[in-house]
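Letter by letter, the chains look like this.
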Amino acid sequence: MGKRVVKVLGFSAKESQFVVKSEDFSLTLNNEVGFVTSKPSSSVEFLLASLAGSIHAVGKAVAKEQQLNLRSIQLEISGEIEASKWEAADKRGSVGFKTVNVVIKPTSSASIVALKKWMDSVKNRCPVYANMNKSTAVILTLVKEYDAIKVA
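About the thresholds
Residues numbered from 1 in each chain as written. Predicted model: local features only at pLDDT ≥ 70, side-chain atom pairs only at ≥ 80, totals over all residues. Heavy atoms only, no water. Helix = DSSP H or I, 4+ residues; strand = E, 2+ residues; numbered from the N terminus. Buried < 20%, exposed > 50% of the residue type's maximum accessible area, 1.4 Å probe, protein only. Areas by Shrake-Rupley, 256 points an atom, 1.4 Å probe, with all protein chains shown as cover. Expected span 1.5 Å × (residues − 1). Contact = heavy atoms within 4.5 Å. Phe/Tyr/Trp six-rings, centres within 6.5 Å; stacked < 30°, edge-to-face > 60°. Core = buried A, V, L, I, M, F, W, Y, C linked by side-chain atoms within 4.5 Å. Axes fitted to C-alpha atoms, helices over the stretch in contact; angles between N-to-C directions. Parallel < 35°, antiparallel > 145°, perpendicular 65-115°, else oblique. Left-handed = near helix turned anticlockwise from the far one by under 90°. Salt bridge = Lys/Arg side-chain N within 4 Å of Asp/Glu carboxyl O. Pairing = 2+ DSSP bridges.

Caption draft 1: Just the overall build of the chain, in detail. Looking only at helices and strands, the chain features four helices and seven strands. The order of helices and strands in the chain, counted from the N terminus, is β-β-β-β-α-β-α-β-α-α-β. Here the chain holds 152 residues, and 38% of them are scored as buried. When the accessible surface of the chain is summed, it comes to about 9,200 Å², and 53% of that surface belongs to carbon and sulfur atoms.

Next comes the structure, spelled out in structure tokens:
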């Protein structure tokens, strides 16, 4: 079957909610309680969803400590796995992700310098990131969107 790319999208919903969606399922976290609205098709989707939830929770706490005006966080997480390894135990090679890419898009009026400091602190304090990063390269990319400036 070859390689398969697994993707999840996580985003802040209401004040205390975080939603994670993949191709086949949706998960809503509210005050540390999870509600799965459809069944995950694979454990690797759930693994990426837990990474998204952990980064979000730590990110909100760190933003509060650093007094950042963080209105929401969007996370796009993807990783490539060898799908044929799942299907046949006699295949050689690693069954896990080689690399996981995380794109973090905070909605904030903070400067890019302040957001970089925030992201570095999140990386240092996020337990799921720390555990995954021991066996898989987890690459975090910060994206700051700016308001359009009208020029005469």
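Let us keep going from here.
Caption draft 2: Structural view of helix α1 (residues 43–65). Between its first and last C-alpha, α1 extends 33 Å over 23 residues, near the 33 Å set by a 1.5 Å rise per residue. Once α1 finishes, Gln 67 follows within two positions and takes phi at roughly 55 degrees, a positive value.

Caption draft 3: Representation of the side chain of Gln 17 within the structure. With respect to the helices and strands, Gln 17 occurs in strand β2 (residues 17–22). If we skip the residues at most four places from it in the chain, Gln 17 touches Phe 11, Ser 12, Thr 28, Leu 29, Asn 30 and His 56.

Caption draft 4: Geometry of the packing of aromatic side chains. Under the criterion given, the structure shown has one aromatic pair. Summarising the aromatic geometry, the rings of Phe 25 and Phe 46 are spaced 6.2 Å apart at their centres and angled 40 degrees between planes, so their arrangement reads as tilted. Residue Phe 25 is located in the loop between β2 and β3 (26–30), and its partner Phe 46 is located in helix α1; the two are separated by 21 residues in the primary sequence. Among the residues examined, Phe 46 registers a relative accessible area of 40% and is labelled partly exposed.

Caption draft 5: Spatial organisation of the nonpolar core. Ranked by internal contacts, the top residues of the largest apolar core, which has 36 residues, are Val 102 and Trp 118. A total of nine residues in this core trace back to one element, the largest contributor, which is α1. Other than its neighbours up to four places away in sequence, Val 102 contacts Leu 51, Ile 55, Leu 75, Glu 76, Ile 77, Val 138, Ile 139, Leu 140 and Thr 141.

Caption draft 6: The arrangement of the packing of α1 against helix α3 (residues 112–125) in detail. Put simply, α1 and α3 touch, their axes get as near as 9 Å, and they point 125 degrees apart. Between α1 and α3, the interaxial angle falls into the category oblique. As for how α1 packs across α3, the hand of that crossing is right-handed. In contact with Ile 55, Val 58, Gly 59, Val 62, Ala 63 and Glu 65 of α1, α3 contributes Trp 118, Ser 121, Val 122 and Arg 125.

Caption draft 7: Broad picture of the pattern of salt bridges. Counting across every chain of the model gives five salt bridges. Of the charged contacts, one joins Glu 65 and Arg 125 as a salt bridge, the two residues approaching to 2.6 Å between their closest N and O atoms. One end of the pair, Glu 65, is in helix α1; the other, Arg 125, is in helix α3, with 60 residues separating them in the sequence. When its relative accessible area of 52% is taken as the criterion, Glu 65 is described as exposed.

Caption draft 8: Just the pairing of strand β1 (residues 3–12), in detail. One ladder, built from nine bridges, connects β1 with strand β5 (residues 70–82); its direction is antiparallel. Paired with Val 5 across the bridge in β5 is Glu 80. Sheet topology places β1 next to β2; five bridges connect them, and they run antiparallel. Of the residues in β2, the one forming a bridge with Gly 10 is Val 20.

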